[in-house]
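# Commentary on secondary and tertiary structure
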Amino acid sequence: MLNEIHHVSLHDGYIEPYGFESLPDEMFKHLFSLFAQSTNADGAELSFSDKAYEIKTESYKSEGGITTISLKMRYPSWAKAPLLTLGYGRRNLNIFRTIRDGKLGEKCAIEQVPIPYLVTRVEPGIIMDKQSLAWLTPCARCLAWMGLDVKNYLAFMHKKPQELE
């Protein structure tokens, strides 16, 4: 059973544990209905504050996954600006290392993190939507919680997205 996740922010090296009770309830419910769809090739679309975002989860397995949240640009409509990449794991540090080592510029000195973990990396596209910084952390924490909870994994892998609503 999942009791807490350790959130590692690569931009400042801060590590903070959090529990389910700290997650915004409405945000969690809304994202839960989108998570299974985010594992599809096209990802899931999230509309917020008159903007459209893509949530795309790759390499999702029972031990964790990697999700990217991007701003969908209006012009050209096919363009996306990655805002945040998050990785979450519950068995080993492989996903943490993938996210950490993919960071542009100065590398983070963090070598070990407690398991289970959420690691977040702010992407250069954040300059296109600095206001999203207000909600990206709680969003990432919700996505990591639903991705790491084993009962959710079974639901996501065996049901169609509309059955999860």
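Scroll up for the structure.
None of these values were measured; they are calculated from a predicted model. (Residues numbered from 1 in each chain as written. Predicted model: local features only at pLDDT ≥ 70, side-chain atom pairs only at ≥ 80, totals over all residues. Heavy atoms only, no water.)

### Section: the packing of helix α1 (residues 25–38) against helix α3 (residues 133–148)
- One way to put it is that α1 packs onto α3 with a least axis distance of 10 Å and a crossing angle of 55°. With respect to each other, α1 and α3 are oriented oblique. As for how α1 packs across α3, the hand of that crossing is right-handed. Seen from α1, the contacting residues are Met27, Phe28, Leu31, Phe32 and Phe35; seen from α3, they are Trp135, Pro138, Cys139, Cys142, Leu143, Trp145, Met146 and Gly147.
- Considering only residue class, the contact of α1 with α3 consists of 12 nonpolar, 1 polar and no charged. (Axes fitted to C-alpha atoms, helices over the stretch in contact; angles between N-to-C directions. Helix = DSSP H or I, 4+ residues; strand = E, 2+ residues; numbered from the N terminus. Parallel < 35°, antiparallel > 145°, perpendicular 65-115°, else oblique. Left-handed = near helix turned anticlockwise from the far one by under 90°. Contact = heavy atoms within 4.5 Å. Nonpolar A, V, L, I, M, F, W, Y, C, P; charged D, E, K, R; others polar.)

### Concerning the side chain of His7
- Note that His7 resides in strand β1 (residues 5–9).
- Given a relative accessible area of 3%, His7 falls into the buried group.
- For His7, the side chain forms a polar contact with the side chain of Thr120, separated by 2.9 Å.
- With residues near it in sequence (within four places) discarded, His7 still touches Tyr14, Ile15, Glu16, Tyr18, Leu118, Thr120, Thr137 and Arg141. (Buried < 20%, exposed > 50% of the residue type's maximum accessible area, 1.4 Å probe, protein only. Polar contact = N/O pair within 3.5 Å; in protein donor to acceptor, adjacent residues only side chain to side chain.)

### Things to note about the nonpolar core
- Leu31, Ile69, Leu86, Leu143 and Met146 are the most contacted members of the largest nonpolar core, which has 36 residues in total.
- For this core, the elements supplying multiple residues, two or more each, are α1, β3 (44–48), β4 (51–61), β5 (64–72), β6 (80–89), α3 and α4 (150–158).
- If one sorts the elements of this core by residue count, α3 sits on top with 10 residues.
- Apart from residues no more than four positions distant in its own chain, Ile69 is found in contact with Glu54, Ile55, Pro82, Leu83, Leu84, Leu86, Trp135, Leu136, Cys139 and Leu143.
- If you look at the next biggest cluster of nonpolar residues, it comprises 11 residues, including Val8, Leu93, Ile95 and Val119. (Core = buried A, V, L, I, M, F, W, Y, C linked by side-chain atoms within 4.5 Å.)

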